[in-house]
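# Descriptive structure summary
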Amino acid sequence: MKTDEIRSKYLKFFEERGAKLCSSDSLVPANDPTLLFTGAGMNQFKDYFLGIGKMDFRKATSCQKCIRTGDIMNVGVTPCHHTFFEMLGNFSFGDYFKKEAIAWAWEFLTNVMKIDENRLQVSVHTSDNEAAEIWKKSVGLTDAKINVLGDHDNFWPADAPKMGPNGPCGPCSEIFYDRGPEYGEDQGITGENRRWVEIWNLVFTQFDRRGVDDLVALPQCNIDTGMGLERMASCMQNTATNMDIDIFQPLVNKVAEIGETSYGKNKDHDILMRRIADHARAVTFCIGDGVMPGNTHRGYVLKRLLRRAATDGRALGITKSFIKDLVPIVAQVMGNQYPEIKQQQENISSTILHEEEKFLATLDKGLTMIDMAIRKAKDENASVFSGESAFELYDTYGFPYELTEELVRQEKFEIDREGYEEAMTAAKEKARAGAKMKGDVFAKGPITEIKKVTGETEFLGYENTDAQSCKVIGIIKGDALVESANAGDEVTIVLDKTPFYGESGGQVGDIGTITGLDNLEIAIDDTEKIDGIFLHIGKIESGTINKDQEVACTVEKDRRMDICRNHSATHLLHKALRDILGENAVQKGSYVSPERFRFDFQHQQALTQDQQRRVGEAVNYMILEANNVKTEVKSIDEAKSEGAMALFGEKYGDTVRMVKIGDISTELCGGTHVDNTAKIGSFFITNQEAVSAGIRRIEGVTGHYAARYVRKIGKIIVDVVRELNTSVDELPNKITAMLDNEKALRKELAALKSDQVKKQLEDIQTKEIGGIQYAAINAGAVTGKELTAAADVVRNKVGDNGVAVLAGTDGDKVSLVVTVGKALAPKTLKAGDIVKKLAPMVGGGGGGRPDMAQAGGKEPENLPKMLDSVEAVLSEMLG
């Protein structure tokens, strides 16, 4: 049975039993700082499990795309570990419970999947007699088929009764499948030969843990089940590993083809091919959901997976970039369930290519460094790989620590983690603490309490900037809910309805006033939105506000209009960029305020002056066309069928708001807009820059702020024209002539300075050590280029059997050049090795060829001490 068929049958089975069919959540969890990636099907239903907020349904089913990296070392090695995988789930939020969950699971496996019940066994928790009785009486299992296990194996979270955490928890019942005698003797479900595999976990969330073994019954019992799709497919297709199933084999075969090898002939190579296939899926879906390679958070995980796959490819003999070539295969085998991957295929491939090529440029050097360090350690009979070397691999060659650790452990070495972290701190790198997600999965607070008594705030702001009779649902003062607040208090107000836009989708929140009886006036200086709840943040200027009273809301209209201008302009900019740069120039983020906008998009190079001019002209032309802006609310499928562009990584509900600008732009968007592009006025790009690898940013202004910006530019031009005694028409030629003249003068000055330095160096005296001549010279205030140019003078002075060390300062920077004569390099001494000894003394680093190397530093005060150390360094290196 094909994997797609299993997924389809599962979802249909539970939908027929009244479950709401929910699409997969993004891999990037919305509004949940506790999670780095979505790792389970239940994540998107957290509030439903807690019984807070509006519940649109009480039964659900989904196929959730997940990322977990906790067992990354086992990927490709064991039959069933993945980083990216799909989790089939069926959920009950106070509806059905154990009896139905158990009966339906058995029915699906035996009737729909047609699995022989003799190949199935189950497990229950030691305390869960209820589940055991259901398996016996409702399903008909004998005691021999029911395995009773403890807290570690059959409780969620594992070991929770004694170890925690506090919060919702409960026993679970797992279903196991016997893969048959070809996988070894029958050792039972706890055997080590993996003959029996767990295929389904039924979690019965029925307790609230409040302390060690202190389990209190929950008022609402829930069902949370999970079935790994890939593992189920492996059982149904009778494959040795999950990566031998139909949706993995095309990927593995493609890797084998690129590597000019065959799968199944070499155990070590098979592990590499399986791991590459897994990581290719993971990075494809990560980028598809908006994650970009970076040095922290999700970006670091993505970069680590990409570079690990690239390193595995090199071990297979693949010397070129190749991971991008796996994206079309992922799109082909996964595209029916996740069409966004097909739509994003080109964008994903280009992002992977850029990151992979960047890493490949340093991969060989890094691998060589690892090999040299390991050989040196072996010669010294050491068992630990230097933490400082691990940091240099990260800092210079882009090797994530985990990748270095994995490579050196293959050579039976441990790695000095403490030394690595010390080197990281010493180099003033960004603290890793910022990359850790904080918080309890079921954190409590004022918002959680409010969600227990109300649904989402009704937003009136698309049509109105004023509203009457808005009921006060909650008043937050500090971090606590209060019944009332008085003049002078800083508060956050929650209403049942509001015209205030809450910050989301890159658009800032509205400001304005809330007024009421008895002279109540609250100055609202920001509005935020959390899980559909609008938070009006401000200070009470006069009067008293009470829970349940009715108030009037007034949004600052001129500011809102400026925001609308900028937001509509970003849609036009998106259209212009895609027309001029290509379909790959898709939005990756935005910021819309009254004063300006910021628009991030995918593109590998800076826009040329001509491209920037054409983009600006295109947007202004669309503005002048006076296109009507219309919005419609419709189903997500209808909107996409009409060509609406969705931002990948964003989570959309069953119904969406579609913003249509004439016949030129159609996007899914929840922000506020002008009703005609003519109201934008004018558009001006003020800046463009790189945000990260493959991501560009354009900043700009519209309306009043664009006019103000143009007036500012005009004044600057008039002032410069007056100062240079020229005309506006002649100004470019005048500036060009001045720059050419300055360039010539600089060149002449540099030549004079270089000659002066060379002349000074002709009179130097050399010293002798170990039969070689050497000179250690402070050249004074010189640039790095001037120092390099002067190096030949000293090289000639010390001869072929000599070493020259030149250093100088340029402001707070140190430049260092080392030359080694032909008779010494590379067998006796190497310039690069000398530089690596000396540069750290001035707070720097560098490298180069055996005969010449350079370095920079940032501690000029230590330059004399470094030069004094040259004799000792050479003495040590010469032995």
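In this text, all values refer to a predicted model and were calculated from it rather than measured experimentally.

## So, the overall build of the protein
Within the protein, the regular secondary structure consists of 26 helices and 35 strands. Along the longest, intermediate and shortest principal axes, the C-alpha atoms of the protein span 100 × 80 × 50 Å. Of all 879 residues assigned to the protein, the portion counted as buried reaches 51%. Within the protein, counting contacts between residues at least 6 apart in sequence, those at least 24 apart form 68% of the total. Per element, the accessible surface of the protein, about 40800 Å² overall, is 47% carbon and sulfur. Measuring between centres, the 108 positive side-chain charges of the protein sit 3 Å from its 132 negative side-chain charges.

## A few points about the sheet that holds strand β31 (residues 772-781)
The strand order across the open sheet formed by six strands is β30-β31-β32-β33-β35-β34, and the pairing between neighbours is mixed. Every interior strand has two partners, whereas the edge strands, β30 (767-769) and β34 (845-848), have only one. Here the average twist between neighbouring strands, direction ignored, is 20°. Both β31 and strand β32 (residues 802-810) contribute to a ladder of seven bridges, which runs parallel. Each residue of the ladder has a partner; that of Asn778, found in β32, is Ala807. Packed on one face of the sheet, helix α23 (residues 784-798) meets β31, β32, β33 (813-820) and β35 (852-857) and runs near 155° to β32.

## With respect to the nonpolar core
With 113 residues, the main nonpolar core has Leu109, Trp135, Ile175, Ile199, Trp200 and Met232 as its most contacted residues. With ten residues, helix α9 (residues 267-288) is the largest single contributor of residues to this core. The contact partners of Met232, leaving out residues within four places of it in the chain, are Ile6, Leu109, Met113, Ile115, Ile199 and Met227. Among the nonpolar cores identified, the runner-up in size contains 27 residues, and Ile769, Tyr774, Val805 and Val835 belong to it.

## Quick notes on the sheet that holds strand β24 (residues 597-602)
An order of β23-β24-β29-β28 is seen for the four strands of this open sheet, with the pairing classed as antiparallel. Strands at the two margins of the open sheet, each flanked by one partner only, are β23 (587-592) and β28 (683-692). Put simply, the sheet's adjacent strands are angled 20° from each other on average, direction ignored. Here six bridges tie β24 to strand β29 (residues 695-702), and the two strands are oriented antiparallel to one another. Residue pairing for β29: Arg598 is matched across the bridge by Glu699.

## Examining the pairing of strand β19 (residues 520-530)
Across five bridges, strand β18 (residues 512-516) lies against β19 in antiparallel orientation. When the bridges of β19 are listed, Gly512 appears paired with Ile524. Count of turn residues in the β18/β19 antiparallel hairpin: three residues, of which Asp518 carries a positive phi of about 60°. Here β19 runs beside strand β20 (residues 533-542); their pairing, made up of nine bridges, is antiparallel. Among the inter-strand pairings, Lys529 is bridged to a residue of β20, identified as Phe534. Between the antiparallel neighbours β19 and β20 lie two residues, among them Asp531 with a positive phi of about 50°.

## Details of the packing of aromatic side chains
For the structure on display, the rule yields 29 aromatic pairs. Pairing Phe49 with Phe91 gives two aromatic rings, centres 6.3 Å apart and planes at 85°, and the pair type is edge-to-face. Residue Phe49 is found in helix α2 (residues 46-50), and its partner Phe91 is found in strand β3 (residues 84-93); the two are separated by 42 residues along the sequence. We classify Phe49 as buried; its relative accessible area is 9%. Ring pairing ties together the aromatic residues Tyr10, Phe13, Phe14, Tyr96, Trp104, Phe108 and Trp200, which thus form one cluster.

## Brief notes about the packing of helix α11 (residues 327-334) against helix α13 (residues 345-379)
Where α11 contacts α13, the axes come no closer than 9 Å and their chain directions differ by 145°. α11 and α13 meet at a crossing whose hand is right-handed. Packed against α11, whose contacting residues are Val327, Pro328 and Ala331, the element α13 presents Gln345, Ile348, Ser349 and Ile352 at the interface.

## Description of the environment of Thr69
With respect to the secondary-structure elements, Thr69 resides in the loop between β2 (59-67) and β3. C-alpha of Thr69 to C-alpha of Phe37: the two residues are 32 residues apart in sequence and 9.6 Å apart in space.

## Overview of helix α8 (residues 249-258)
All of the buried residues along α8 are Gln249, Leu251, Val252, Val255, Ala256 and Ile258. Packed against the buried residues of α8 are α9 and α11. Backbone geometry just downstream of α8 places Glu260 in the positive-phi region, at approximately 55°.

## A few points about the side chain of His82
By the secondary structure assignment, His82 is in the loop between β2 and β3. Side-chain polar atoms of His82 contact the side chain of Asn242, separated by 3.1 Å. For His82, the residues in contact, after removing those within four places along its chain, are Arg68, Val75, Glu230, Asn242, Met243, Phe248, Asp278 and Arg281.

## Quick look at the pattern of salt bridges
All told, the structure shown has 46 salt bridges when counted by the stated rule. Here Arg409 makes a salt bridge to Glu405, at a shortest N to O gap of 3.2 Å. You can see Arg409 and its partner Glu405 sitting in helix α15 (residues 401-409), four residues apart, about one turn around the helix. Exposure remark for Arg409: the relative accessible area of 38% places this residue in the partly exposed category. Taking the shortest distance from any N to any O, the salt bridge between Lys451 and Asp531 comes out at 2.8 Å.

## Some words on unusual backbone geometry
For the bond running from Gly164 to Pro165, omega is 10°, close enough to zero to count as cis. The peptide bond linking Ala825 to Pro826 adopts the cis configuration, its omega dihedral lying at 0°. As for its position among the elements, Pro826 is in the loop between β33 and α24 (831-838). Positioned with a positive phi, Asp159 is a non-glycine residue whose angle comes to about 65°. Tracing the backbone through its elements, the reader meets Asp159 in the loop between β6 (155-156) and α6 (160-163). A positive phi is found at Asp531, a non-glycine position, where the angle reads about 50°. Following the sequence through the fold, Asp531 ends up in the loop between β19 and β20.

## Digging into the confidence of the model for the protein
Of the residues in the protein, 96% have a pLDDT of 70 or more, and the chain-wide mean is 89. pLDDT under 50 marks residues 428-444. Its contacts with residues more than four places away, or in other chains, come to 30 contacts.

## Let's talk about α13
Given a rise of 1.5 Å per residue, 35 residues ought to cover 51 Å, and the 48 Å separating the end C-alpha atoms of α13 matches this to within 8%. The axis of α13 is deflected most strongly, by about 40°, at Leu363. A positive phi of about 60° marks Asn381, the residue just after α13.

## Let's talk about the environment of His125
Relative to the helices and strands, His125 is located in strand β4 (residues 120-125). Residue His125 is classed as buried on the basis of its relative accessible area, which comes to 5%. Considering only alpha carbons, one finds His125 and Ala377, 252 residues apart in sequence, at a separation of 50 Å. Other than its neighbours up to four places away in sequence, His125 contacts Val148, Leu149, Gly150, Asp151, Asn154, Phe155, Pro171 and Cys172. There is a polar contact of 2.6 Å between the side chain of His125 and the side chain of Asp151.

Cut-offs used in this document
- Residues numbered from 1 in each chain as written.
- Predicted model: local features only at pLDDT ≥ 70, side-chain atom pairs only at ≥ 80, totals over all residues.
- Heavy atoms only, no water.
- Helix = DSSP H or I, 4+ residues; strand = E, 2+ residues; numbered from the N terminus.
- Buried < 20%, exposed > 50% of the residue type's maximum accessible area, 1.4 Å probe, protein only.
- Contact = heavy atoms within 4.5 Å.
- Areas by Shrake-Rupley, 256 points an atom, 1.4 Å probe, with all protein chains shown as cover.
- Lys, Arg positive; Asp, Glu negative; His and termini not counted.
- Charge placed at Lys NZ, Arg CZ, Asp CG, Glu CD.
- Pairing = 2+ DSSP bridges.
- Axes fitted to C-alpha atoms, helices over the stretch in contact; angles between N-to-C directions.
- Core = buried A, V, L, I, M, F, W, Y, C linked by side-chain atoms within 4.5 Å.
- Phe/Tyr/Trp six-rings, centres within 6.5 Å; stacked < 30°, edge-to-face > 60°.
- Left-handed = near helix turned anticlockwise from the far one by under 90°.
- Polar contact = N/O pair within 3.5 Å; in protein donor to acceptor, adjacent residues only side chain to side chain.
- Salt bridge = Lys/Arg side-chain N within 4 Å of Asp/Glu carboxyl O.
- pLDDT = per-residue confidence, 0-100.
- Expected span 1.5 Å × (residues − 1).
- Bend = angle between axes of the 7 residues up to and from the residue.

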